[in-house]
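# Examination of the molecular architecture
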Amino acid sequence: MNTPASNTPSPHRPAASGAQTAIGVENLRCGYDGRVVIENINFTVKRGEIFFIVGGSGCGKSTLLKHMIGLHQPTAGRVVYFGEDFTNASLARRREHLKTFGVLYQSAALWSALTLRENVALPLEEYTTLTKQERDIVVAHKLAQVGLSGFEDYYPSEISGGMKKRAGLARALALDPKIVFFDEPSAGLDPVTSRNLDNLLLSIRDSLGTTLIIVSHELASIYGIADRILMLDREARGAIAEGPPAQLAVSSTDTRVRDFLQRGALARPQRDEFKVKK
Amino acid sequence: MSISTTTTSTAARARAVPDQDGVRLELGGSWQITGGTPEWASFDTASLAALALKAGRLRPDTSQVTEWDTSLVLFLREAFDWCENNQVEPDESALPENIRRPLKSMRDARVRPIDRQRRPNILATAGLASVSAYKQAKQFTQFVGECVISAFHLARHPKKFRWRDCLQEMQRCGAMALPIVGLISFLVGVILAYIGAVVLRQYGGDIFIATLVALAMVREMGAMMTGIVLSGRTGGAFAAQIANMKTGEEIDALVTFGIRPVDFLVIPRIVALAIMMPLLSLYSNALGNLGGMTVAALLLKISPSAYWIQMQSALDMSDITTGLIKAATYGIIIGLAGCLRGLQARRDSAGVGSAATSAVVTAMLYIIVACAVYAVLFNILGW
């Protein structure tokens, strides 16, 4: 969703104004079966921002994401979208909110009994009044956006992992959501496909002004496209850093943050330790 | 003069206004794909044509648009397509770059018709089904052969047999199936007795209801009903478990360790079923006869002791043996069908469901076939 359609071209910036807060997370506590995984989570994300949730395995990244999109109810705190409380909203209001979300799951979660065309068309059939001809145009456009023209009639089982991710993204973008959530978008992808996906995310943000929330620990993606990151830690059971990744990598006083963000730089000298001694 | 279409006063609107350069297509309001947006089809294109043809140019103006998404781009695409078909020149110079880019992308995206080649015709479907049936028969034969080889191998090396898995499966498919097998068998006994009572009463042969129920349950229905229950309960579960393992590449992991999936997964399950099915069948016979006895006592006023004596005189060892042989065979069939369909499953979530369904259908089909074969065979043998 873009606002407003001014006549001044702005090719490299989100069409939306960056000042408006898209997401506000306030004192959120998440967990399962009485067990707290993360607590005291507070952050805001501006409209059109690319925001990464990072951290080691088991720190609660995916848990936080699931609580943000309403798959699980937090035990305390709330999530606010565009100034409106989502956590405590009525069921009907939540459904309205959900129309403005897009989610790309780790496994892409395409409906296996439907072709790619049908996968992307289903949300349009459910939530819009578009005619079949108009839906076909939108589906062709969305699949072309992710580079899947010509694969309309393929089933998910007939395409590769990277293509599934892109098809999942096309489906997530079908209703032009204001916010798109990604759970490990680069997981299982080769570096080139992963970089192409990153470029795609950038172009979507730039053209549509969509807010992107990405759960990942891929450093290349974090440095490549993140405006800001939120770092979670398992032992701290919450957030330990928030800010632009490049800035945190050099100026954070927390060694856990620096170690995580400088892992790429540290990896090279460590390799020398494995050289065969003559 | 102007031509307009709108949804509500605050929502998206479109209006064509003649100006000095041609016709200005004034677009305004909030364009959201999930809300109501003006449709090009509902635009008064005939009047627009009169205006635009005179001017020869259509210039969209989005300066009054407050919010937009794909719905606006879609409207513009349809407007531009209309221009092309009506010799009107579209002027996109007033459009901002962030609208022009997706508009170009949407106009470039080709709407392809559904590829019918990928959905074969009836002849091709019949051909593919025949090939598939041949392949499945071949796979089934190979699988049975592999199971026989594996069974001999494990008989020579009993330490390699997964006894613990086998006992767990025996508990799952045997002890845990007692309530459902018991209930169904009791009710089958009741049904048989009711049907028998209607006929036998007319000839004064009420006591022969015990003979009817005993022979039907012990020779056929006990094993058959247990087989049908276990096809759904255990065969489907075997297929789903193994298909799930296949999806998670657990079967591949076994193969790369040099462990034969048939040794590890199939034989313990088949052995468990081959042992438990006859036992469950005996239990089913007892419950079925109890059902018959209940109906006889309540409906025909035949005492349980009289029923018992008549039942004993009707049955001999060969009846019980034939029932047990059938039950063991059905057990092997259920195990084979469940494991085979699990191993043949596609590596996705839909494959798991299909495998379970296919296992149940296959097991029931082969149980009926085996029942018919045994009927002929035992008749020839005089059992």
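Counting restarts for each chain: residues are numbered from 1 in the order of the written sequence. Here chains are named by letter from A upward and ligands by number from 1 upward, in the order in which they appear as written. Selection of residues for local features in this predicted model requires a pLDDT of at least 70, selection of side-chain atom pairs for listing and counting requires 80 or more, and totals for whole chains, interfaces and linings are taken over all residues.

## Looking at the overall build of chain B
Condition: Here a helix means four or more residues in a row that DSSP labels H or I, a strand means two or more in a row labelled E, and each is numbered from the N terminus. Exposure in this text rests on C-beta crowding, where 20 or more other C-beta atoms within 10 Å of a residue's own make it buried, 12 or fewer make it exposed, and counts in between make it partly exposed. The C-beta atoms are placed from the backbone. Contact definition: two residues whose C-beta atoms, as placed from backbone geometry, lie within 7 Å.
Summing up its helical and strand segments, chain B has 12 helices and 5 strands in all. Scored against the burial criterion, the 383 residues of chain B give a buried share of 39%. Taking all contacts inside chain B whose residues are at least 6 apart in sequence as the whole, residues at least 24 apart take part in 83%.

## Focus: the overall build of chain A
Scanning chain A for helices and strands turns up 10 helices and 10 strands. When the 278 residues of chain A are sorted by exposure, 43% land in the buried category. Long-range pairs, those at least 24 residues apart, make up 66% of the contacts in chain A with a sequence separation of at least 6.

## Remarks on helix α9 (residues 261–299) of chain B
Residue and element names in this part refer to chain B. Inclusion rule: Here the expected span of a helix is defined as 1.5 Å times the quantity of residues minus one. The bend reported for a residue corresponds to the angle between axes fitted to the seven residues ending at that residue and the seven starting there.
A rise of 1.5 Å per residue sets the reference length of α9, with its 39 residues, at 57 Å; its end C-alpha atoms lie 54 Å apart and thus fit the reference within 8%. The principal kink in α9, of about 30°, is found at I267, preceding the proline P268 by one to four residues. Taken from the residues just after α9, K301 is the one with a positive phi, measuring 55°.

## A word on the sheet that holds strand β5 (residues 84–85) of chain A
Residues and elements named next belong to chain A. Using the following cut-off: Here the rule is simple: two strands pair whenever DSSP picks up at least two bridges between them.
Pairing is antiparallel in the open sheet, where 4 strands are placed in the order β2-β1-β4-β5. Pairing within the sheet leaves two strands with one partner each, and these edge strands are β2 (35–46) and β5. As judged from the 2 bridges shared by strand β4 (residues 76–81) and β5, these two strands associate in the antiparallel manner. Bridge pairing in β5 places Y81 opposite E84.

## Some remarks on the interface of chain A and chain B
What counts here: Note that Gly is not counted as nonpolar here; it falls among the polar residues with everything else outside the nonpolar set of Ala, Val, Leu, Ile, Met, Phe, Trp, Tyr, Cys and Pro and the charged set of Asp, Glu, Lys and Arg.
Contact residues are listed per partner, giving 33 residues for chain A and 34 residues for chain B. Top contributing element to the side of chain A that touches chain B by residue count: helix α4 (residues 132–145) of chain A, with 8 residues. Residue classes in the side of chain A that touches chain B are distributed as 13 nonpolar, 14 polar and 6 charged.

## Some points on unusual backbone geometry
If a residue is not glycine, its phi is most likely negative; likewise, a peptide bond is most likely trans. Residues and elements named next belong to chain A. The phi dihedral of N27 falls on the positive side, at around 45°, and the residue is not glycine. Its place among the elements puts N27 in strand β1 (residues 21–32). In this structure N27 comes out as exposed when scored by C-beta crowding, with 12 C-beta atoms within 10 Å.

## Describing the pairing of strand β3 (residues 22–30) of chain B
Residue and element names in this part refer to chain B. Within β3, 7 of the 9 residues are buried, which leaves it mostly tucked inside the rest of the structure. Direction of pairing for strand β2 (residues 13–19) relative to β3: antiparallel, over a ladder of 7 bridges. Among the inter-strand pairings, D19 is bridged to a residue of β3, identified as G22. Between β2 and β3, which pair antiparallel one after the other, the connecting turn spans 2 residues. Looking at chain direction, β3 and strand β4 (residues 57–67) are connected through 7 bridges and run parallel. Bridged to E26 within β4 is D61.

## Side note on the confidence of the model for chain A
Our working definition: Scored from 0 to 100, pLDDT records how confident the predictor is in each individual residue.
In this model, chain A carries a mean pLDDT of 83, and residues with pLDDT of at least 70 account for 88%. Scored below 50 in pLDDT, residues 4–18 of chain A makes 36 contacts in the model with residues more than four places away or belonging to other chains.

## Topic: the sheet that holds strand β3 (residues 50–54) of chain A
Residue and element names in this part refer to chain A. Stated formally: Angles run from 0 to 180 degrees between N-to-C directions of axes, and those axes are lines fitted to C-alpha atoms, restricted for helices to the stretch in contact.
Sheet architecture is open: 6 strands sit in the order β6-β7-β8-β3-β9-β10, paired in mixed fashion. The open sheet has two edge strands, β6 (101–104) and β10 (238–243), and neither has a second partner. Averaged over all pairs of adjacent strands, the angle between their axes in this sheet comes to 15°, without regard to strand direction. Here strand β9 (residues 228–233) runs beside β10; their pairing, made up of 5 bridges, is antiparallel. Within β10, the residue paired with D233 across the bridge is G238. Sitting on the sheet, helix α5 (residues 161–172) touches β6 and β7 (179–183), and the angle it makes with β6 is about 170°.

## Side note on the nonpolar core
Our working rule: Here, a nonpolar core denotes buried Ala, Val, Leu, Ile, Met, Phe, Trp, Tyr and Cys residues that are linked to one another through C-beta atoms within 7 Å.
Formed by 94 residues in total, the largest nonpolar core has its most connected members in I53, A170 and M231 of chain A. For this core, the element with the most residues is helix α2 (residues 70–85) of chain B, which contributes 6 residues. Core analysis: the second largest hydrophobic core is formed by 64 residues, L192, I242, I251 and M276 of chain B among them.

## Re the packing of α9 of chain B against helix α11 (residues 317–344) of chain B
Residue and element names in this part refer to chain B. Stated formally: For any helix crossing, the convention is left-handed if the near helix is rotated counterclockwise from the far helix by under a right angle, and right-handed if that rotation is clockwise.
At a minimum axis separation of 7 Å, α9 and α11 run at an interaxial angle of 145°. Relative to α11, the crossing made by α9 is right-handed. Contacts between α9 and α11 pair P261, L265, V266, R269, I270, L273, A274, M276, M277, P278, S281 and N285 from the former with G323, L324, A327, A328, Y330, G331, I332, I334, G335, L336, C339 and L343 from the latter.

## Digging into the confidence of the model for chain B
Across chain B, the average pLDDT comes to 88, with 94% of residues at 70 or higher. On the interface metric, ipTM, the complex scores 0.71, and its pTM is 0.68.

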